[in-house]
Amino acid sequence: MKSTNDIWEELGALPVDEVMHVMTKLFATYEEQLQKDPKNEAAQGFFRNLANAIEQTSQCNLNRR
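Residues numbered from 1 in each chain as written. Predicted model: local features only at pLDDT ≥ 70, side-chain atom pairs only at ≥ 80, totals over all residues. Heavy atoms only, no water.

## With respect to the overall build of the protein
Summing up its helical and strand segments, the protein has three helices and zero strands in all. For the protein, the α and β elements follow one another from N to C terminus as α-α-α. A compact globule built from 65 residues would reach a C-alpha radius of gyration of about 11 Å, whereas the protein, at 14 Å, exceeds it by more than 25%. Principal axes of the C-alpha set define a box for the protein whose edges measure 40 × 30 × 20 Å. Evaluated residue by residue, the protein yields a buried proportion of 8% over its 65 residues. In the form shown here, the protein has an accessible surface area of approximately 5,800 Å², with 57% of it arising from carbon and sulfur atoms. Averaging the locations of the 7 positively and 10 negatively charged side chains of the protein gives two centres separated by 6 Å. (Helix = DSSP H or I, 4+ residues; strand = E, 2+ residues; numbered from the N terminus. Rg over C-alpha atoms; globule rule 2.2 N^0.38 Å. Buried < 20%, exposed > 50% of the residue type's maximum accessible area, 1.4 Å probe, protein only. Areas by Shrake-Rupley, 256 points an atom, 1.4 Å probe, with all protein chains shown as cover. Lys, Arg positive; Asp, Glu negative; His and termini not counted. Charge placed at Lys NZ, Arg CZ, Asp CG, Glu CD.)

Structure follows, in C-alpha cells:
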C-alpha cells in the first residue's frame, strides 16, 4: 500500500476534473459498501467525514464573502 504522503502528492498533481472523478469513485465505492452492510464502520466514517468537510468548506466560503 502507498503511504498517505505519496497519495497526497498524487492527488495534488491531478487536474481538477480528475479530482472530481476520484471523489465520485470514492463516493460510489463507499455507497455500495453501505448498501451491502448499513453498519459498515468504514463507510459510515467516510460519509460522516465527507459531510463534515463539506460543512467546513461551506462555512469557510461564507466567511470569505
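## A short note on the side chain of Asn-40
Secondary-structure assignment places Asn-40 in the loop between α2 (16-36) and α3 (41-64). Looking at Asn-40, the relative accessible area reads 18%, which means it is buried. For Asn-40, the side chain forms a polar contact with the main-chain nitrogen of Ala-42, separated by 3.0 Å. (Polar contact = N/O pair within 3.5 Å; in protein donor to acceptor, adjacent residues only side chain to side chain.)

## Thoughts on the confidence of the model for the protein
With 92% of its residues at a pLDDT of 70 or more, the protein has an overall mean of 93. Within the protein, α3 has the poorest average pLDDT of any element, 89, and α2 the best, 97. (pLDDT = per-residue confidence, 0-100.)

## Regarding the packing of aromatic side chains
Following the criterion strictly, the structure yields three aromatic pairs and no others. With a centroid separation of 4.9 Å and an interplanar angle of 85 degrees, the aromatic rings of Phe-27 and Phe-47 are classed as edge-to-face. Highlighted residues: Phe-27 in helix α2 and Phe-47 in helix α3, separated in sequence by 20 residues. Classification of Phe-27 by relative accessible area gives partly exposed; the value is 35%. (Phe/Tyr/Trp six-rings, centres within 6.5 Å; stacked < 30°, edge-to-face > 60°.)

## Let's talk about a nonpolar patch on the surface
A surface patch of nonpolar side chains, about 430 Å² in accessible area, is lined by Trp-8, Leu-11, Val-19, Val-22 and Leu-26. For the nonpolar patch, the secondary-structure elements that each account for two or more residues are α1 (4-13) and α2. Summarising the element assignment, Leu-11 is placed in helix α1. (Patch = residues over 30% accessible without salt bridge, like charges linked within 9 Å, V, L, I, M, F, W, Y side chains within 5 Å. Salt bridge = Lys/Arg side-chain N within 4 Å of Asp/Glu carboxyl O.)

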